[in-house]
Amino acid sequence: MQYRINSLKNKRRTLFGTFSLFLITLASAQNIQNNPQSNHGNKFEQLGTILPTPNEYRTASGAPGAKYWQQRADYDIDVKLDEKNLSVIGTETVTYHNNAPEALNYLWLQLDENQHDPKNEVNYFDENKVAEPLTQAGLKSLETKTNLEGLGDKIDAVTDESGKALKYTVNGSMMRIDLPKALASKAKFKFVVKWHYKMINRMEYGGRGGYEYFPEDGNYLFTLTQWYPRMCVYSDFHGWQNKQFTGRGEFALAFGNFKVKMTVPADHLVCSTGECQNYAQVLTPAQLQRLQQAQTAKEPVEIQLLEDAKNAEKIKSTATKTWIFKADSVRDFAWGSSRKYIWDAMAVQCEGKKVMCMSFYGKEAYGLYRKYSTKVVAHTIKTYSKFTIAYPYPVAQSIEAANGMEYPMICFNFGRTEKDGTYTEGSKNGMILVIIHEVGHNFFPMIINSDERQWSWMDEGLNTFVQYLTEREFDAGYPSQRGPAYKITDYMRLPKNQLEPIMTNSENIMNFGANAYGKPATALNILRETVMGRELFDFAFKQYCTRWAFKHPEPADFFRTMEDASAVDLDWFWRGWFYDIDPVDISIDTVKAWSVNKGEKIAVKMDTVYTYPKLKEAEYITTIRNRESGLRSLVDIDTTLRDFYYHYKPEPVIIKELKNKNENLEEMPDSSFAKYNGKYIYEIKFSNKGGLVSPLIIQFNYTDGSSEIERISAYVWRKNEKEVTKTFLRSKKVASIQIDPYRETADINEKNNTWNIKTEPGKFELFRAKTGAAARGQSMGENPMQKARKK
Ligand SMILES: [Zn+2]
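Caption draft 1: Seen up close, the overall build of the protein. Helix and strand content of the protein: 22 helices and 31 strands. Within the protein, the proportion of its 791 residues that are buried is 58%. Considering only contacts within the protein whose residues lie at least 6 apart along the sequence, 77% involve residues at least 24 apart. Total accessible area on the protein stands at roughly 33,200 Å², and carbon and sulfur atoms take up 52% of it.

Listed below in structure tokens is the structure:
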């Protein structure tokens, strides 16, 4: 499906080469699209055949159809974490339910640990060059393959329920089990897989799961992710999703119920997807009592104390304990285990349901996580529930593991303090960002279960968008990195050979952060604030989430639902923002002005000095509208979340008052329209220099110091996609005009956005200096998510 657009274009090109005479007579939009001289391309034509044909499984409205079906897999797993040998040994019984209308001859499973198996080519096809000067790290990366010898999943047995061996074939990260007889529609099949693998040092070699070693105290943090052979998705739109796992394109998984028994060192704490079934056996009476307290506490309660964790680090038990967890209706299961963990918890009410919010972290993160983590978890599930669907699970957790990766009910995040327990504002903001983001993934893709291997934007983009809304509601002064339109312009103005559409398969994306996270999040923000308005957008977005909760949505289901529920034709928007790479660059080319004044010539003074209109550069449009709607952020309400940085106010950057030269107004030649006397006419010519059609947001700044904003839909471009002239009647004299004053359209060139405003040298730099910094803080600098090898 990812090749749909390209192949369509290629086909057209070939057709034009061969049958141009025939086709030229067809006055279709497709013809015009290929004529660069035309003012009317196909930017506003319906998506038509670009989207898959609706059927009884997926309707044209974007909802699941009457015969929608999906597969299901239940797991019963016994697993041992061998700390001494740094390995995992497991036995799983999988019950696979075939809900497809057809029979299946074989099943595909994912062996994700084979990502690290040096025999596999999965990590060998990326371009690499000799970095000069040659470094140790550079050389090390070349010998990676030999260093990883012995890693990857070792399959010990694959049998049916009765223990009879089943034939299986491993191809890279995928394993096919051949069924003894075809699995009929509506039937189920039970089988057993025994496997083991050596864990990877993920701090050294990367990867989502593995161990981190702490030489100071000689202990490990273990993260168990993609750790068991997992069923691939078999679907109505794709058949088996068995595209190889290379470490980049994430996962496609079926829902099911899990029961997992983990045997770990006796002094470890286990944090996991699901609810623990035997706390009474694995916790101390004091821990149990504090866990009880957390059920009704107003503030997070420390269940494993800092002191107790420090003691456990020294003793290092060699005995073992078995923890039992259960989770229903989840698409995956992950867990962490360590004696380093401190553990806090607090039950919160979320849409009328009690959710246990919890955090686990080593002493290295105590200064940040103890204060913020559990509260940010609670804030995230509450805010996402408002914009998507009510959080359905009984638990939500944030685990510090120096990375960022999500699973149902549990995620692994970063954010450690300095040795003395202090932290920079950048560390704090990075931690808040990653916790919101990873907890937010519970909704996309853990519940609204899209195919990540195919489309990164459907989980990362949608999630980053709601993450942005959640950041705004956490703290109105929070310096959001992705979401505000103007923050994507550096990416959008890259040369065309460095860009690709959002609708690009995950594996093929060059600029992953901007394309899979930033651009789709920005597009949705523009859709909400600028194109559709909050009311229509929020209803339609919720509709999409409700329709596809616990199901497998595809891009067309999203595009169609957003229109179906709002009565806004958005095909132009999906074309421009999701299927194309053009940026927004709208320019004010000329302004003609007249005064209407019967029988009297009015002289319009030249060289008038006007105050430079105050640009709204420091505040996001979302923040302004949140404030206007009376919304209070969490730090406004919960004063315990304020710290030094909350009170720290940097010097404001003042943009200089500029002296503008006003042009002469021309008089209307025959002004015989008495009622229009004293009014002004402004005819403005705009051109679309970027290619991406966009609404016009025009701010008229009047000579009396007041100003007014006109908002005109992107349809203004539908008959001429390159230039458009609009004329306005005003009662006051206009001193200057500025388009996109709230910087909400992602216009890549702001120099052509004004009329009669002098741009002083350095203004743009001032602009950037101020917007890079929070209203009350310094810049976060480099994106900490990228720094921590964000997945
Ligand atoms: Zn993510």
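Caption draft 2: Layout of the side chain of Thr380. Within the element layout of this structure, Thr380 appears in helix α9 (residues 366-387). Here Thr380 falls in the buried class, since its relative accessible area comes to 0%. Here Val376 takes part through its backbone oxygen, which lies 2.6 Å from a polar atom of the side chain of Thr380. Apart from the residues lying within four places of it in its own chain, the contact partners of Thr380 are Ile436, Val439, Gly440 and Thr470.

Caption draft 3: Seen up close, a nonpolar patch on the surface. Nonpolar side chains collect at one region of the surface, where Val130, Leu134, Leu139 and Leu142 lie side by side and expose about 420 Å² of accessible area between them. Along the chain, Val130 turns up in the loop between β3 (104-110) and α3 (136-142). Residue Val130 is classed as exposed on the basis of its relative accessible area, which comes to 61%.

Caption draft 4: Structural detail: the coordination of the zinc ion. Here the zinc ion is held by His437 (NE2), His441 (NE2), Glu460 (OE) and Glu460 (OE), and the distances to it run 2.0 to 2.6 Å. The site at the zinc ion holds four donor atoms, and with the angles between them running 54 to 151 degrees, its shape is irregular. Mapped onto the sequence, the residues coordinating the zinc ion show the spacing H-x3-H-x18-E. Here His437 is found in helix α10 (residues 425-440), whereas its partner Glu460 is found in helix α12 (residues 456-474), with 23 residues between them in sequence. His437 sits in the buried class, given a relative accessible area of 0%.

Caption draft 5: View of the sheet that holds strand β2 (residues 87-97). Taken in spatial order, the seven strands line up as β4-β7-β2-β1-β13-β17-β15 in an open sheet, and their pairing is mixed. Sheet topology places β4 (154-160) and β15 (275-276) at the edges, where each strand pairs with a single neighbour. Across eleven bridges, β2 lies against strand β7 (residues 188-198) in antiparallel orientation. Of the residues in β7, the one forming a bridge with Ile89 is His196.

Caption draft 6: Spatial organisation of the sheet that holds strand β30 (residues 734-739). Read from one edge of the open sheet, four strands run β28-β27-β30-β31, paired in antiparallel fashion. Strands with a single pairing partner mark the edges of an open sheet, and in this sheet they are β28 (707-712) and β31 (754-755).

Caption draft 7: Spatial organisation of the packing of aromatic side chains. For the coordinates displayed, the defined rule picks out 57 aromatic pairs. Judged by centre distance (6.5 Å) and plane angle (10 degrees), the rings of Trp323 and Phe325 are stacked. Here the aromatic rings of Phe644 and Tyr645 are separated by 5.1 Å at their centres, their planes lie at 75 degrees, and the arrangement is edge-to-face. For Phe644, a relative accessible area of 57% gives the class exposed. Under the relative-accessibility criterion, Tyr645 is labelled buried at 15%.

Caption draft 8: Seen up close, the pattern of salt bridges. Inspection of the entire model under this criterion finds 44 salt bridges. Across the pair Arg534 and Glu529 runs a salt bridge, and its minimum N-O distance is 2.9 Å. Per residue, the accessibility class of Arg534 equals that of Glu529, and both read buried. When salt bridges with common partners are traced through the structure, they connect Asp217, Glu313, Lys340, Lys363 and Glu364 into a single cluster.

Caption draft 9: Here's a closer look at the packing of helix α15 (residues 534-548) against helix α16 (residues 555-564). Put simply, α15 and α16 touch, their axes get as near as 8 Å, and they point 135 degrees apart. Considering their axes alone, α15 and α16 lie oblique with respect to each other. Seen from above, α15 lies across α16 with right-handed handedness. Across the interface between the two elements, Phe537, Ala540, Phe541, Gln543, Tyr544, Arg547 and Trp548 from α15 touch Asp557, Phe558, Thr561, Met562 and Asp564 from α16. Class assignment for the residues of the contact of α15 with α16 results in seven nonpolar, two polar and three charged.

Caption draft 10: Up close: the environment of Leu109. Following the sequence through the fold, Leu109 ends up in strand β3. The sequence separation of Leu109 and Cys232 amounts to 123 residues, and the corresponding C-alpha distance is 5.2 Å. Leaving out residues up to four positions away in the same chain, Leu109 has contacts with Glu92, Ser173, Met174, Met175, Ile177, Phe191, Pro229, Arg230, Met231 and Cys232.

Caption draft 11: Broad picture of the pairing of β30. Counting buried residues in β30 gives six out of six residues, a clear majority hidden from the surface. Relative to β30, strand β27 (residues 696-702) runs antiparallel, the two being bridged by five bridges. Looking across to β30, one finds that Gln699 is bridged to Gln738. Judged from the two bridges that link them, β30 and β31 form a sheet pairing that is antiparallel. Residue pairing in the sheet places Gln738 in a bridge with Thr754 of β31.

Caption draft 12: Molecular detail of the nonpolar core. In terms of nonpolar packing, the biggest core is built from 204 residues, with Phe191, Trp227, Trp323, Phe541, Trp574 and Phe578 touching the most fellow members. Looking at this core element by element, the count peaks at nine residues for α9. Excluding residues within four positions of it along the chain, Phe191 makes contact with Glu92, Thr93, Val94, Tyr96, Leu107, Leu109, Thr159, Asp160, Leu166, Ile177 and Met231.

Caption draft 13: Expanded view of unusual backbone geometry. Note that the residue after Phe444, namely Pro445, is joined by a cis bond; omega there is 10 degrees. In this fold, Pro445 is placed in helix α11 (residues 442-447). Non-glycine residue Lys186 carries a positive phi angle of around 70 degrees. A relative accessible area of 64% places Lys186 in the exposed class. You will see that Ser329, though not glycine, has its phi angle at about 50 degrees, which is positive. If you trace the backbone, Ser329 turns up in strand β17 (residues 320-330). Note on Ser329: relative accessible area 35%, which makes it partly exposed.

Caption draft 14: A look at the confidence of the model for the protein. On average, residues of the protein carry a pLDDT of 86, and 84% of them reach 70 or more. Low pLDDT, under 50, characterises residues 1-32; the predicted model gives this stretch 31 contacts beyond four residues in sequence or across chains. Predicted confidence for residues 652-664 stays below pLDDT 50, and this span has 44 contacts to residues more than four positions away or in other chains.

Caption draft 15: Looking closely at α10. Helix length check: α10, at 16 residues, gives a terminal C-alpha distance of 22 Å against a target of 22 Å (1.5 Å per residue), a fit within 8%. Within α10, 14 of the 16 residues are buried, leaving the element largely enclosed by the surrounding structure.

Caption draft 16: Highlighting the side chain of Ser480. Position of Ser480 relative to the elements: it lies in the loop between α12 and α13 (489-492). You can call Ser480 buried: its relative accessible area is 0%. One polar contact links Ser480 to Glu471, side chain to side chain, over a distance of 2.5 Å. In contact with Ser480, other than residues within four places in its own chain, are Tyr468, Glu471, Arg472, Lys487 and Tyr620.

Basis of the calculations
- Residues numbered from 1 in each chain as written.
- Predicted model: local features only at pLDDT ≥ 70, side-chain atom pairs only at ≥ 80, totals over all residues.
- Heavy atoms only, no water.
- Helix = DSSP H or I, 4+ residues; strand = E, 2+ residues; numbered from the N terminus.
- Buried < 20%, exposed > 50% of the residue type's maximum accessible area, 1.4 Å probe, protein only.
- Contact = heavy atoms within 4.5 Å.
- Areas by Shrake-Rupley, 256 points an atom, 1.4 Å probe, with all protein chains shown as cover.
- Polar contact = N/O pair within 3.5 Å; in protein donor to acceptor, adjacent residues only side chain to side chain.
- Patch = residues over 30% accessible without salt bridge, like charges linked within 9 Å, V, L, I, M, F, W, Y side chains within 5 Å.
- Salt bridge = Lys/Arg side-chain N within 4 Å of Asp/Glu carboxyl O.
- Donors = N, O, S within 2.8 Å, 3.2 Å for Na, K, Ca; no water.
- Tetrahedral: all angles 85-135°; square planar, octahedral: opposite > 155°, others 65-115°.
- Pairing = 2+ DSSP bridges.
- Phe/Tyr/Trp six-rings, centres within 6.5 Å; stacked < 30°, edge-to-face > 60°.
- Axes fitted to C-alpha atoms, helices over the stretch in contact; angles between N-to-C directions.
- Parallel < 35°, antiparallel > 145°, perpendicular 65-115°, else oblique.
- Left-handed = near helix turned anticlockwise from the far one by under 90°.
- Nonpolar A, V, L, I, M, F, W, Y, C, P; charged D, E, K, R; others polar.
- Core = buried A, V, L, I, M, F, W, Y, C linked by side-chain atoms within 4.5 Å.
- pLDDT = per-residue confidence, 0-100.
- Expected span 1.5 Å × (residues − 1).

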